[in-house]
Amino acid sequence: MTTLRLVLGDITRQRADAIVNAANSSLLGGGGVDGAIHRRGGPAILEACRALRASSYGRGLATGHAVATPAGRLDALWVIHTVGPVWQGPDSDPAPLVSCYRESLRVADELGARTVAFPAISTGVYRWPMADAAAIAVESVRLTPTEVEEVRFVVFDEGAYGAYSGVLGEVTGG
Ligand code: AR6
């Protein structure tokens, strides 16, 4: 049974076995969560990402996929990098965003991670509307079989907190 929690705050301040990064295909950093993770985690994360690009991920990480690196100086063992889809308007296919959550949990299971912190993937630079992304995030985690004991959704502002708490309330009936 996986417990779902909601936290308002900076994901780079979280203590968890794994922290999920809203990365891009290059795996070489960016803004938002990605920039914050690399800044606070230090150069070990980028070194590990470069090693991935030099080996199994020569063409980068595809949208909806996930891969882990060590977490450097973060209060975590691993960073799980995943690439969300860019919002293309109301006809956007949610499947790649669902896949980010499913694949991140699959990688977490491979690592033996029991606590995993997720940001609101795709809702920043990639512009996915928060209410829709929150529903997809919660539903995807709820429907993914996993050994992870705690999934923590870490959101950055009150609007996102409201969107997630609405969906989590519906899910738990509370
Ligand atoms: N802690 C928690 N949430 C945060 C933090 C933080 N420190 N910083 C931002 N957010 P984004 P994306 C929220 O843009 O949309 C990067 O350049 C933010 O308010 O980080 O998947 C990558 O390299 C938003 O709700 O991710 C890619 O190129 C959410 O996290 C691209 O952005 C996600 O915003 C990925 O875009």
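Since the structure is predicted, the reported quantities are computational estimates derived from the model, not experimental observations. (Residues numbered from 1 in each chain as written. Predicted model: local features only at pLDDT ≥ 70, side-chain atom pairs only at ≥ 80, totals over all residues. Heavy atoms only, no water.)

Chemist: Tell me about helix α2 (residues 43–54), residues and numbers included.
Modeler: Taking 1.5 Å per residue as the helical rise, α2 with its 12 residues ought to reach 16 Å, and the 16 Å between its terminal C-alpha atoms agrees with that figure. Along α2, the positions that sit buried rather than exposed are Ile45, Ala48, Cys49 and Leu52. Buried residues of α2, viewed axially, fall in a sector of 100 degrees; they line one side. For α2, the exposed residues set more than 90 degrees away from the buried face come down to Pro43, Glu47 and Ala54. Along its buried surface, α2 packs onto α1 (32–41), β3 (66–70) and β4 (76–83). (Helix = DSSP H or I, 4+ residues; strand = E, 2+ residues; numbered from the N terminus. Expected span 1.5 Å × (residues − 1). Buried < 20%, exposed > 50% of the residue type's maximum accessible area, 1.4 Å probe, protein only. Arc of directions from axis to C-beta. Contact = heavy atoms within 4.5 Å.)

Chemist: Report on the packing of aromatic side chains, specifying residues and quantitative values.
Modeler: Tallied over the entire structure, the rule returns four aromatic pairs. Each ring, one from Trp87 and one from Trp128, has its centre 5.1 Å from the other, and the planes form 70 degrees; the classification is edge-to-face. Of this pair, Trp87 sits in the loop between β4 and α3 (95–111) while Trp128 sits in the loop between β5 (115–118) and α4 (130–142), placing them 41 residues apart in sequence. The pair formed by Trp87 and Trp128 is uniform in burial state, with each residue classed as buried. When the centroid spacing of 5.2 Å and the interplanar angle of 45 degrees are considered together, the rings of Phe153 and Tyr164 count as tilted. Within this pair, whereas Phe153 is found in strand β6 (residues 150–155), its partner Tyr164 is found in helix α5 (residues 158–172), the two being separated by 11 residues in sequence. By relative accessible area, Phe153 is classed as buried at 0%. Through pairs of rings, three or more aromatic residues link up here, namely Tyr101, Phe118, Phe153 and Tyr164. (Phe/Tyr/Trp six-rings, centres within 6.5 Å; stacked < 30°, edge-to-face > 60°.)

Chemist: How would you explain unusual backbone geometry if you had to name every residue and give the values?
Modeler: Look at Ser122: it is not a glycine, yet its phi comes out positive at around 75 degrees. Positionally, Ser122 belongs in the loop between β5 and α4. The phi dihedral of Arg127 is positive, around 70 degrees, even though this residue is not glycine. Here Arg127 is to be found in the loop between β5 and α4.

Chemist: Which residues make up the site of the ligand, and what values do they have?
Modeler: Asn24, Gly31, Val33, Asp34 and Thr123 are the nearest of the 22 residues found near the ligand. A distance of 3.0 Å is found between an oxygen atom of the ligand and a backbone nitrogen or oxygen belonging to Tyr126. Taking 710 Å² as the accessible area of the ligand by itself, protein coverage stands at 89%. Looking at the shell around the ligand, the elements that each hand over two or more residues are β2 (16–23) and α1. The element best represented in the shell around the ligand is α1, accounting for four residues. (Near = heavy atom within 4 Å. Polar contact = N/O pair within 3.5 Å; in protein donor to acceptor, adjacent residues only side chain to side chain. Areas by Shrake-Rupley, 256 points an atom, 1.4 Å probe, with all protein chains shown as cover.)

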